Structure formats: structure tokens, C-alpha cells
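# Summary of the model geometry
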Protein chains: 2
Amino acid sequence: MEEFAALSGVSRPTLSKYFNDPNSVRQSTRSKIEMALERHDYRPNIFAINQNRKMTKNIGIVVPFLADPFFAEIARVIERRCIDAGFWPILFSSHGEQKLENEILNSLRSLKPAGVLLAPLGRGSDHSTVEQFCRDVPTVLFDSNIEGLGAAFVGSDNFQSVPLMVEYLCRTGEPPCLLETQPVNPNANKRRNAYKQAMEQRGLEPHIVRLDGSDWNFEDIGYDGGLRVIRNQKLPTNTVLCSNDRLAIGFMSACLEMGIRVGRSSECSLRVAGHDDHPFAKFTCPPLTTIAQDYAAISERSVETLFLLVEGGLSGTRSETLFEGKLVMRASA
Amino acid sequence: MEEFAALSGVSRPTLSKYFNDPNSVRQSTRSKIEMALERHDYRPNIFAINQNRKMTKNIGIVVPFLADPFFAEIARVIERRCIDAGFWPILFSSHGEQKLENEILNSLRSLKPAGVLLAPLGRGSDHSTVEQFCRDVPTVLFDSNIEGLGAAFVGSDNFQSVPLMVEYLCRTGEPPCLLETQPVNPNANKRRNAYKQAMEQRGLEPHIVRLDGSDWNFEDIGYDGGLRVIRNQKLPTNTVLCSNDRLAIGFMSACLEMGIRVGRSSECSLRVAGHDDHPFAKFTCPPLTTIAQDYAAISERSVETLFLLVEGGLSGTRSETLFEGKLVMRASA
DNA sequence: AATAAAACTTTACGCGCGTAAGTTTTATGT
DNA sequence: ACATAAAACTTACGCGCGTAAAGTTTTATT
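In this report, the structure presented in the accompanying data block is examined. (Residues numbered from 1 in each chain as written. Chains lettered and ligands numbered in written order. Predicted model: local features only at pLDDT ≥ 70, side-chain atom pairs only at ≥ 80, totals over all residues. Heavy atoms only, no water.)

A tally of helices and strands in chain A yields 12 helices and 12 strands. Counting only C-alpha atoms, chain A reaches 80 × 40 × 30 Å along its principal axes. Put simply, chain A has 333 residues, and 55% of those count as buried. Computed over 37 positive and 40 negative side-chain charges, the inter-centroid distance for chain A is 4 Å. (Helix = DSSP H or I, 4+ residues; strand = E, 2+ residues; numbered from the N terminus. Buried < 20%, exposed > 50% of the residue type's maximum accessible area, 1.4 Å probe, protein only. Lys, Arg positive; Asp, Glu negative; His and termini not counted. Charge placed at Lys NZ, Arg CZ, Asp CG, Glu CD.)

Residues and elements named next belong to chain B. You can see Arg-330 is positioned in the segment after strand 12 (326-328). The class for Arg-330 is buried, based on a relative accessible area of 15%. Separated by 3.1 Å, the side chains of Arg-330 and Asp-277 make a polar contact. At 2.8 Å, the side chain of Arg-330 and the backbone oxygen of Leu-288 are in polar contact. Setting aside residues no more than four positions away along its own chain, Arg-330 makes contact with Arg-264, Asp-277, Ala-281, Lys-282, Pro-287, Leu-288, Thr-289 and Thr-290. (Polar contact = N/O pair within 3.5 Å; in protein donor to acceptor, adjacent residues only side chain to side chain. Contact = heavy atoms within 4.5 Å.)

Here we come to the relation of the copies chain A and chain B. For the pair chain A and chain B, the superposition axis carries a translation of 0.1 Å, the fit reaches an RMSD of 0.1 Å, and the rotation angle comes to 180°. Taken together, the rotation angle and the small translation identify this as a two-fold axis. The C-alpha atom lying nearest the rotation axis in chain A is that of Cys-285 of chain A; the distance is 2.0 Å. (Least-squares fit on C-alpha atoms with pLDDT ≥ 70 in both.)

Near DNA strand C you find 26 residues, and of these Ser-16 and Asn-45 of chain A together with Thr-14, Thr-29 and Gln-51 of chain B are the closest. Close to the protein, within 4 Å, the atoms of DNA strand C belong to sugar or phosphate groups at a rate of 62%. A distance of 2.3 Å separates a phosphate oxygen of DNA strand C from a polar side-chain atom of Thr-29 of chain B. Sorting the residues of the surface near DNA strand C by element identifies helix 2 (12-20) and helix 4 (46-49) of chain A together with helix 2 (12-20) of chain B as the ones contributing at least two each. It is helix 2 of chain A that provides the largest number of residues to the surface near DNA strand C, a total of 4 residues. A class-by-class count of the residues in the surface near DNA strand C yields 9 nonpolar, 11 polar and 6 charged. (Near = heavy atom within 4 Å. Nonpolar A, V, L, I, M, F, W, Y, C, P; charged D, E, K, R; others polar.)

Facing the 44 residues of chain A at the interface are 44 residues of chain B. A combined buried area of about 3,800 Å² lies between chain A and chain B, and 66% of that area is made up of carbon and sulfur atoms. The interface formed by chain A and chain B contains 2 salt bridges. Our enumeration of links across chain A and chain B arrives at 4 residue pairs in polar contact (both at pLDDT 80 or more). Those elements giving two or more residues to the side of chain A that touches chain B turn out to be helix 4, helix 5 (69-84), strand 2 (88-93), helix 6 (98-110), helix 10 (218-231) and helix 11 (245-257) of chain A. (Buried area = accessible area lost by both parts, 1.4 Å probe. Salt bridge = Lys/Arg side-chain N within 4 Å of Asp/Glu carboxyl O.)

The subject of this paragraph is unusual backbone geometry. Trans peptide bonds make up the majority, and among non-glycine residues the majority have a negative phi. The omega torsion across Cys-285 of chain A and Pro-286 of chain A is -10°, close enough to zero to call that bond cis. By the element assignment, Pro-286 of chain A lies in the loop between strand 9 (271-273) and strand 10 (290-292). Here His-95 of chain B, not a glycine, exhibits a phi torsion of approximately 55°, which is positive. Summarising the element assignment, His-95 of chain B is placed in the loop between strand 2 (88-93) and helix 6 (98-110). At Asp-277 of chain B, a residue that is not glycine, the phi angle is positive and equals roughly 55°. As for its placement among the helices and strands, Asp-277 of chain B is situated in the loop between strand 9 (271-273) and strand 10 (290-292).

Following the criterion strictly, the structure yields 23 aromatic pairs over all chains and no others. Between Phe-87 of chain A and Phe-307 of chain A, the aromatic rings sit 5.0 Å apart at their centres with planes inclined by 20°, giving stacked as the arrangement. With Phe-87 of chain A in the loop between helix 5 and strand 2 and Phe-307 of chain A in helix 12 (residues 295-310), this pair connects stretches of sequence that are 220 residues apart. A residue is classified by how much of its surface remains accessible, and Phe-87 of chain A, at 13% relative accessible area, is buried. By relative accessible area, Phe-307 of chain A is classed as buried at 13%. Ring plane angle 65° and centroid distance 6.2 Å describe the contact between Phe-71 of chain B and Trp-216 of chain B, whose orientation is recorded as edge-to-face. (Phe/Tyr/Trp six-rings, centres within 6.5 Å; stacked < 30°, edge-to-face > 60°.)

For the rest of this paragraph, the subject is the nonpolar core. Ranked by size, the top nonpolar core spans 135 residues in total, and within it Leu-241 and Val-272 of chain A together with Leu-241 and Val-272 of chain B carry the most contacts. Setting aside anything within four residues of it in sequence, one finds Leu-241 of chain A in contact with Val-162, Met-165, Val-166, Leu-169, Pro-176, Cys-177, Leu-178, Leu-179, Tyr-195, Ala-273 and Gly-274 of chain A. Core analysis: the second largest hydrophobic core is formed by 40 residues, Ile-104 and Leu-141 of chain A together with Val-130 and Val-137 of chain B among them. (Core = buried A, V, L, I, M, F, W, Y, C linked by side-chain atoms within 4.5 Å.)

Residue and element names in this part refer to chain B. Helix 12 (residues 295-310) packs onto helix 5 (residues 69-84) with a crossing angle of 45° between their chain directions and a minimal axis gap of 9 Å. One finds that helix 5 runs oblique with respect to helix 12. Both helix 5 and helix 12 take part in a crossing whose hand is right-handed. Contact residues: helix 5 offers Phe-70, Glu-73, Ile-74, Val-77, Ile-78, Arg-81 and Cys-82, while helix 12 offers Tyr-295, Ile-298, Ser-299, Glu-300, Val-303, Glu-304 and Phe-307. The residue inventory of the contact of helix 5 with helix 12, partitioned by class, reads 9 nonpolar, 1 polar and 4 charged. (Axes fitted to C-alpha atoms, helices over the stretch in contact; angles between N-to-C directions. Parallel < 35°, antiparallel > 145°, perpendicular 65-115°, else oblique. Left-handed = near helix turned anticlockwise from the far one by under 90°.)

So, about helix 8 (residues 158-172) of chain A. All names here are of chain A. Taking 1.5 Å as the rise per residue, helix 8 with 15 residues should run 21 Å; its terminal C-alpha atoms sit 21 Å apart, in good agreement. Listing the buried residues of helix 8 in full gives Asn-158, Gln-160, Ser-161, Val-162, Met-165, Val-166, Tyr-168, Leu-169 and Cys-170. Of the surrounding secondary structure, the elements contacted by the buried residues of helix 8 are strand 5 (152-156), helix 9 (186-201), strand 8 (239-242), strand 9, strand 10 and strand 12 (326-328). Looking at where helix 8 begins, the residue whose side-chain oxygen comes 3.1 Å from the main-chain nitrogen of Phe-159 is Asp-157. (Expected span 1.5 Å × (residues − 1).)

Our focus in this paragraph is the protein's contact with DNA strand D. Within the structure, DNA strand D sits among 26 residues, and Thr-14, Arg-26 and Thr-29 of chain A together with Ser-16 and Asn-45 of chain B are positioned closest to it. Protein-proximal atoms of DNA strand D, defined as those within 4 Å of the protein, fall in sugar or phosphate at a share of 66%. In this structure, Thr-14 of chain A approaches DNA strand D through a side-chain N or O atom, which is 2.4 Å from a phosphate oxygen. Contacts to DNA strand D include Ser-16 of chain B, whose side-chain N or O atom sits 2.4 Å from a phosphate oxygen.

This brings us to the pattern of salt bridges. Under the counting rule described, the total for this entry stands at 34 salt bridges over all chains. Note that Arg-210 of chain A is salt-bridged to Glu-180 of chain A, the shortest N-O span being 2.9 Å. Here Glu-180 of chain A lies in strand 6 (residues 177-181) and Arg-210 of chain A lies in strand 7 (residues 208-211), a separation of 30 residues in the sequence. Note on Arg-210 of chain A: relative accessible area 42%, which makes it partly exposed. For Glu-180 of chain A, a relative accessible area of 1% translates into the label buried. Taking the shortest distance from any N to any O, the salt bridge between Asp-212 of chain B and Arg-228 of chain B comes out at 3.6 Å. Here Arg-228 of chain B lies in helix 10 (residues 218-231) and Asp-212 of chain B lies in the loop between strand 7 (208-211) and helix 10, a separation of 16 residues in the sequence. A single network of salt bridges, built from pairs that share partners, joins Asp-68, Glu-219 and Arg-246 of chain A.

Structure below.
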């Protein structure tokens, strides 16, 4: 930096000022620097910059499982928004492991991020680690809520979306049973409770089919468990509401293999619905009827909320923003 | 660090030595530190560590488009391997943009990574930036090759896999046409050439259907283009080999919408095949016949090669490792 | 018990930059 | 032309840690 300052004919502190905000120096000085910049291509070291700044332009993004296209897509949108706003997003995946989530949060601390967007593991999170982290770093939770942690939460309203689907399924055929795995996060629990409530409000008995498996390989769980459930004739109804789309995708694959025709048309014997409108839900066999989570809105609002928080424009009270899901009718139910 | 050194009863340099390699200090010293560690939970600042070390434990991973499940899955495996080997992976997505790829590479430099695993944009890469980067940082390219750049390349052998598929399709029905988009990377070009070669070797005329679109939204391109091609009756044969699975997924969705039955059974009028064995290929409608790229092998070998390179155990000559694809027969062709 | 080797401590400097304080130069108004 | 404020300069220190050099203590060897 010293060298480059000499080359451009300004002092190092002025150069530092320029990189922090090009408009903060005189026009003549600015052009001197930018001319030298063209010839020598110098760039300040991002991680040294942050060494001594109170607030950096780094934004941490932590998701529980990046190989899940839902999170991949959300992460993509969030990264773009951050970049466009002049921030530097750094993306981490917990790979479904508490230990990794903890390590990521601890490392994130030393990055001195301006803020962090965290989709926690949920049930699998280490509450005290997350709590401590949220105290130290401006954090907005999304997708998966942990009561009281973070400055805000942005997600979707399972108690609106699940009843919506239950209503639709009941109106158009047999009432659904709920297919779920061991819940990995609060959403799964909420969806189960919302399902129960919705059924009971209709005077119907809820049926819950629990598949083995406690990791994030939902397709496999849905497939393996689906085979077992079908073979053992354990399906209480001819309508199956899956706790999420990935589970539904795996389950429908099992149906296909067992020769069960899935769909709402008359020649089909089973209806399957999902939740989330997973990026590949419209390409499944048959295309999956599901609840669309508003990806764009959740991403946008999360980022906006974080920016507000970073700029200090957020009141002390923790806000929870829930977006409504929309019914997406396709061929499967 | 000073404080914590005092707390554990050792000097700061010794503490530094411990964190660099816990085995490099005497057992008694080590336990002193680790006892203090339990009570006070101190962690060195990763990005300050790298400030003054010749070699860090950081490994950069750069993929062109992380919302593509293929890359999401490969990134997942690579991250795991790095973590298990005691490295600290940092993941970046270029979002299909040259400008971002350049920025990522330049920022990566200041991270002083021990090595970088780079799946370049390919055609969209800025050759001189990548070249300069590879000179400065130990880099292994994967998935998409750029002649001469990086210390090694690991990918799959399109000139083996595509002919394999062509052979299968010819043997079991009408010879295929090739459905492609504007090629975003070298693989697309290689696949086209491999297709041409394979057809010509059989004395057949190659037919190439090019769809509009030059970004990474292959499903959309396959769907929109598919609708157009089908409406205009521009399909030269009843067998379509898609340049990659995502394209095939979109295309099949268009077929479904147009009421065209896809599959190899007698009541179907169109066969569709893909390439890659995308994580969702087996869940499509109908399940997609495709070529399985050996995800695991590519990830493993990339990481292994990089580790060798980092440890200096690699000769000067640039190596190219190509894995063979395997035919995965499903219902679509 | 003597000796060498290993491990530790103290001291000091450096990484690439931010930033504050005090001083000098430059642009603006009159 | 001079006064004044804004901008730039010089100087100095700090971030959190790595690391080299020199001296001191501990451990292993004979």
C-alpha cells in the first residue's frame, strides 16, 4: 500500500481514505489514484482492512445444508443483494452438524461482520452458542426460528400454509395423513402441530406417519421409508401430505417403484402433496402440488432487516415477519 | 491472546505454537493450555493468523453456480474432506458472472489460501485473471478445464461418456439429436464434438438443436426452448440427447405440458436422455436416463491432488485426470 | 551428577492496513 | 490580497497474531 501510495503521488492514509469511500477525497486526488490504479492494479487486503475497523463490509450467511436447493437458491439471492449493496457476503454451510455450526459462528466472530444472516439448524443448534453469538454480532435469523434469539426473524407462516393445504386436500378428496421424519428444526414441529389443529378443527382425526431418519437426506428418507410404509400397508389414507417437498419427492419415487399411480386424476390411487415449492417440485413425477414459500420475499426481507439493523435503524424489540404460503396446484394432488 | 496466555500460565509464543500444532509442545504444557481452554473458551482469530503466515490452512473453493445441485453436492463433499483434513474451506459462487469470478479470485489472494479448488466459468472466464491467479496460488481446476491453467485438472471424460450414450440410444432406437444451449463452458463444446464424432463414426448425420439462452437457468431454457421446438415441429428425430440433465429436466417438463409422452416404452413417442446424473434426475417425470458423472471420485481426486500440490509432492507437469461416466438407464430413454 | 538437547521465556519486529493528532498545503470567499 | 476552512500530509500507534533471536529452565542421556 505504501508503494502504491507513492506511485499515485498521495500519502497512505489518503489512499486508505479513498478505498473506504472514493467520494471522501478531492476530485483531483481521486483521479490521481485512479490513474495509478489502471496501470498497477493494486487492491487492499480485505482481511487486513477488517483487522482494525469497527465495522466491516462483510456479511456472514449461514445455512444448515447448502446441498438443499431451497437453501442454495435463497443463499444465491441473498448473496446477490449483499453484493449489489456493496457488501461482501461469505457463505457457510453447517452440513447439518451442531459442531460445525458452532465452529462457523465462532470463526465468523473474528471476521467482524457488519451482520449475519443465520438459518440455524434449529433443534440441532447449540442454544447457548447461538445466543452468545447473537449478543456479539448483529444477527437476523431466517427460515428456522429460535425464540428470542437474534434481532429479528423472517420466515414463513406454517400455521397459515399448512391449514390452507389441509383445506384444499379435504375439499377435493380424502383428508390427508401427515408424512414426516424426526423433526430437524422448528418448522417441522410447527407443521405437525398446524396439521393436527387443522384436522381437529374439521372434526377429523389426524394421522401422522413418522419415518426413520434424523439427517438432511430427505429424499432418501422419503424413498426408503416410503417403500416400507407402502409394503406394510401403513398408509391410513389415500392422501399424503409430506412435511416438505424433498420428502415428497423421495416418497413419490417409492410410489413409482411400487407401481402406485400418484395424482388427482381418476386412474390414480394416491394423492401426494408437499410443502415449500422446492425448485424441482414442478419437475417431479407427477409434478408436485405444494405450498410455495415466498423465497424472494424471505430473502429480500431478511437482507433489508439486516441492513436496517446494521445502520442502527431498528428498535430494540425483536420482530418476527412471517410470509404467507401460496397453494400451487399441480398434478400430484 | 496475551491475557489467555497469562491465564494458562504459558507465554504467548508458546500458545501460538500450540495452536499451530498442539503436538509441538510438551505434554505438560499442552494440558495447562487445554485446562485453561475449558474454562475460558479462547479462540485465535483466523484472519489475523493468516496475516503473517507463509502458508495458511485456508482452502478456497470456487464454483460457477452454487444453486446448481451438481455443484452444491460437489462443494459439500469437498468441504467435508477439507474440514476432516484440518483445513478451513471457504466457499464462493461466481453466479455465472465473469466480474464476480475475478473479484473472488482477487479477494482470495489476500486470504493467502494454502490452495484453491476452482471450477471456472470456462468460456466466461477472464483468461488472464485466472492465469495470473494460478501463477500466484496453488490451484487445481475441476469440472471445467482451461488448457494449461492450474497445476492439474480433474473432470470427466466427455469423449467417453457421450459416445457411450450415443451407442446405447442408437442400439435401442432411433439415433439421437443433440439438444444444447449456447455453451457456457468447455464441457458443452466437448459434448457437442463428441456427439458429432460418435454419429459420424456410425455413418449417421448429426443433428444439433440449439436453444436460445446463455445463462445458467438451464431448466428454464430447456422448458421455454422445448415448447418452441415442439410447437414448430423442429425435432429432427424421436430421440433427444440433452447436453446436460438440467436442460433435460426443463425439456421434459415442456413435453409433459405439450402432452408428449416421454419414455422408452411402446406407448411413448419421444425418448429423452441427459448427462451428469444430476441429484434429481431419478425423480423426474419419467426418471431420466443419463450418464452418471462420478461426483465422489471427482471431488476426492480434486482434493487429493490439491493436498499433494500443497505439500509439494507434485511434479511440475500439469496433470489431467478424467473419470469415465456410467450409463444410468431409467425410464426416459 | 554432568551434559546435551529440548522446550520454554523474554524481547522485538513484522504483516497490511485503520485511524487519530498535529501540521502544512490547497481551494474558496471577500 | 489576505483570512479561513477544507483537504492532504506526516507521524505515530494499534489490530491479533506469527516468528526469529537470545537467554533460561526443564527433560533426557550417559
